[in-house]
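Chains, contacts and geometry: an overview
Here's the letter readout for the chains.
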Amino acid sequence: MLAETLSILDRVLSLGERAQHFTADTPLLGGVAEFDSMAVVAVITAIEEDYGIAVADDDVSAETFETVGSLARFIESKVDSSSDE
Amino acid sequence: MTVVRRPAFLETPRGRLFMLELAVPDRQSPPRGTAVIVPAFAEEMNRSRRTCVLLAERLAQSGYRALLFDLSGTGDSDGAFEDARLAHWRDDVAQVADHARADGTEGIIWVGLRFGALLAAEAAMAADTRALVLWQPAIEGATVISQFRRLATAAKLVSKRDQAPNTAVQPVQEIAGYALAQTLATDLAELRLASTLESCVWPLAWFEMTSRADQTLSPAATRVLKTLPASPGARIHAQAIEGPAFWSTTEISVSDALVQATTDFVTEADGVA
């Protein structure tokens, strides 16, 4: 899921090579300058469109976007809960 | 070949509508056709401008005339975003189509990006159409609005303010510098791509940007494409292209691959490849 998360971040933020040096501990909010509100929305939208799932605004918190790892765990939980249905 | 860019204003009941026409003037032969590029919604329009211009230039170099324009209440067109209504935007698109036809163009090539795909598809149904190209189309107007509203929630995450977001529905809501009228939001929520495309009878291209290595279409796109009835003339080209989500990237990005694939589709649909 980390690789898929990095690939979404790369597409949404247009980071080029930089995304490939990101690890699970890399901070996003406040850590990556490009990570503005448009980027937050674009990441959520990309998750919804890529996996065909719906993400409720209530599910999203600042912690979700704290690091690359926290975002990867969030995507994993969303994808898992949608395939259970 | 030098592409000439000609800015113009169309007079509408709402004021002046800004339009930019790109073409390579040629006294020997008229343009092969006219492409109308329908822009995305709000901030996505700003961020995607460069790729839209790139497409217009590429089409002009291929012998077409390309028209870019700003919907009423956006960009360089008259009006305030707060006063924009779906009916106005539909009329804007119709005005641009009339302008295109006034020069003797037969069959418009419609290109719509994101929200603009919903408007372009509607226009394609109404007007004399040669082909329809959808770029990462919004499938439902309701999603466009909910994603846009999300910007307000996201802004609070980014600024780390902890007061609860104001989710009460107001007549006008300020989001990312745009005054979104509830009336506009309600109107847009009615738009559905699948029902508009039901009677598509011309070549249709559906392009998506992806970061997936297997370059497959999103589940949502696959679902809509499955519902389209097979009809004579409706040749459907669906393709996922590796590259940035250029309508939302913080740093302005472009997709040359998308522009080229679109130009190839348009010329092939015309049989002038």
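Just above sits the structure.
Below you will find a few notes about this structure. (Residues numbered from 1 in each chain as written. Chains lettered and ligands numbered in written order. Predicted model: local features only at pLDDT ≥ 70, side-chain atom pairs only at ≥ 80, totals over all residues. Heavy atoms only, no water.)

Concerning the packing of aromatic side chains
Residue and element names in this part refer to chain B. The criterion, for reference: Ring geometry is summarised as follows: Phe, Tyr and Trp rings, the Trp one being its six-membered ring, pair when their centres sit within 6.5 Å, and such pairs are stacked at plane angles under 30 degrees, edge-to-face over 60 and tilted between the two. A run of DSSP states H or I qualifies as a helix once it reaches four residues; a run of E qualifies as a strand once it reaches two. Both are numbered from the N-terminal end.
Tallied over the entire structure, the rule returns twelve aromatic pairs over all chains. Judged by centre distance (5.7 Å) and plane angle (55°), the ring pair of phenylalanine 41 and phenylalanine 81 falls under tilted. With a gap of 40 residues between them, phenylalanine 41 in the loop between β3 (34-38) and α1 (43-61) and phenylalanine 81 in the loop between β4 (65-69) and α2 (86-102) connect regions that are remote in the sequence. An aromatic cluster is defined as three or more aromatic residues linked by ring pairs; in this entry it consists of Phe41, Phe81, Trp89, Phe115, Phe148 and Tyr178.

Overview of the interface of chain A and chain B
Selection rule: A contact between two residues is defined here by any heavy atoms of the two lying within 4.5 Å. Simply put, the buried area is the total loss of 1.4 Å probe accessible area from both parts when two parts are fitted together. Any Lys or Arg side-chain nitrogen found within 4 Å of a carboxyl oxygen on Asp or Glu counts as a salt bridge. Polar contact is defined as a pair of N or O atoms within 3.5 Å, subject to the rule that within protein one atom must be able to donate a hydrogen and the other to accept it, and that residues adjacent in sequence are counted only when both atoms are side-chain atoms.
Each side of the interface is counted separately: chain A has 29 residues, and chain B has 28 residues. For the pair chain A and chain B, the two sides together bury roughly 2300 Å², of which 58% comes from carbon and sulfur. Among the residues of chain A in contact with chain B, Arg11(A), Met38(A) and Glu49(A) are the three that bury the most area, contributing 30% of the side total. Run the count over chain A and chain B and you get three salt bridges. Inspection of the chain A/chain B interface yields seven residue pairs in polar contact (both at pLDDT 80 or more).

Things to note about the side chain of Gln147(B)
For clarity, the threshold we go by: Each residue's exposure class comes from its accessible area (1.4 Å probe, protein chains only) as a fraction of the maximum for that residue type: buried when under 20%, exposed when over 50%, partly exposed otherwise.
Mapped onto the elements of the fold, Gln147(B) is located in helix α4 (residues 141-159). We classify Gln147(B) as buried; its relative accessible area is 8%. When sequence neighbours within four positions are dropped, the list of residues in contact with Gln147(B) reads Val41(A), Thr45(A), Glu48(A), Glu49(A) and Arg114(B).

Remarks on the sheet that holds β3(B)
Pairing between the strands of a sheet is mediated by backbone hydrogen bonds and can be parallel or antiparallel. All names here are of chain B. The following threshold applies: At least two bridges found by DSSP between two strands is the condition for calling them paired. To get an axis, a line is fitted to the C-alpha atoms, and for a helix only the part in contact is used. The angle between two axes follows their N-to-C directions and goes from 0 to 180 degrees.
If you trace the eight strands from one edge of the open sheet to the other, you get β1-β2-β4-β3-β5-β6-β9-β10, paired in mixed fashion. The sheet terminates laterally at β1 (4-12) and β10 (236-242), the two strands that pair on one side only. Along the sheet, successive strands turn relative to each other by an average axial angle of 20°, direction set aside. Sheet analysis places strand β5 (residues 108-113) next to strand β6 (residues 129-135), joined by six bridges and oriented parallel. Within the sheet, the bridge partner assigned to isoleucine 108 lies in β6 and is threonine 129. Its contacts with the sheet place α2 against β1, β2 (15-23), β3, β4 and β5, and it is angled at close to 155° to β4. Strand contacts of helix α8 (residues 256-270): β5, β6, β9 (204-210) and β10, with the helix running at about 160° to β6, the strand carrying the most contacts.

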